[in-house]
Amino acid sequence: MSEDNRIAAQAERITALEAELESAGEVSIEETRLLQMRVLLHEWIDSVVGVVSSPGVGRVSLIHRDGSQSSIASSKLPFILSRPAQFE
């Protein structure tokens, strides 16, 4: 299976699971739309002033400049962020 087919299949699986919960999802895998989403994500992440990484519960909490909080559930991200920082 090609990389594009795997990505489309994964997006379809996620939206199907959300549909079971009577929720809709928006898929952005086409190059132009994906680039737009990345710009928005970068703007959002640039507003982060604090990070709490909790590998034990698979969650990363972000504290934003305006005092709001966002949480990301992930099996990988908390471990990536928990690695010792290495500065050059």
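Provided above is the structure to which this section pertains.
Presented here is a report on the structure given in the accompanying data block. (Residues numbered from 1 in each chain as written. Predicted model: local features only at pLDDT ≥ 70, side-chain atom pairs only at ≥ 80, totals over all residues. Heavy atoms only, no water.)

Focus on helix α1 (residues 3–20)
With 18 residues, α1 ought to run about 26 Å at 1.5 Å a step, and its terminal C-alpha atoms sit 26 Å apart, in line with that. Of the residues flanking the end of α1, it is E22, one or two places downstream, whose phi is positive at about 55°. (Helix = DSSP H or I, 4+ residues; strand = E, 2+ residues; numbered from the N terminus. Expected span 1.5 Å × (residues − 1).)

Some points on the sheet that holds strand β3 (residues 69–73)
Read from one edge of the open sheet, 3 strands run β1-β2-β3, paired in antiparallel fashion. Each having just a single partner strand, β1 (48–54) and β3 make up the two edges of the open sheet. The average undirected angle you get between the axes of adjacent strands in this sheet is 20°. (Pairing = 2+ DSSP bridges. Axes fitted to C-alpha atoms, helices over the stretch in contact; angles between N-to-C directions.)

Thoughts on a nonpolar patch on the surface
A cluster of nonpolar side chains, I7, V27 and I29, forms an exposed patch at the surface whose accessible area comes to about 220 Å². Summarising the element assignment, V27 is placed in the loop between α1 and α2 (31–46). We classify V27 as partly exposed; its relative accessible area is 40%. (Patch = residues over 30% accessible without salt bridge, like charges linked within 9 Å, V, L, I, M, F, W, Y side chains within 5 Å. Areas by Shrake-Rupley, 256 points an atom, 1.4 Å probe, with all protein chains shown as cover. Salt bridge = Lys/Arg side-chain N within 4 Å of Asp/Glu carboxyl O. Buried < 20%, exposed > 50% of the residue type's maximum accessible area, 1.4 Å probe, protein only.)

Quick look at the pattern of salt bridges
Counting across every chain of the model gives 2 salt bridges. With its nearest N and O atoms 2.6 Å apart, the salt bridge here joins E3 to R6. Taken as a pair, E3 and R6 lie in helix α1 at a separation of 3 residues, close to a single helical turn. The salt bridge involving R33 is made with E26; its shortest N-O contact spans 2.4 Å. Looking at R33, the relative accessible area reads 30%, which means it is partly exposed.

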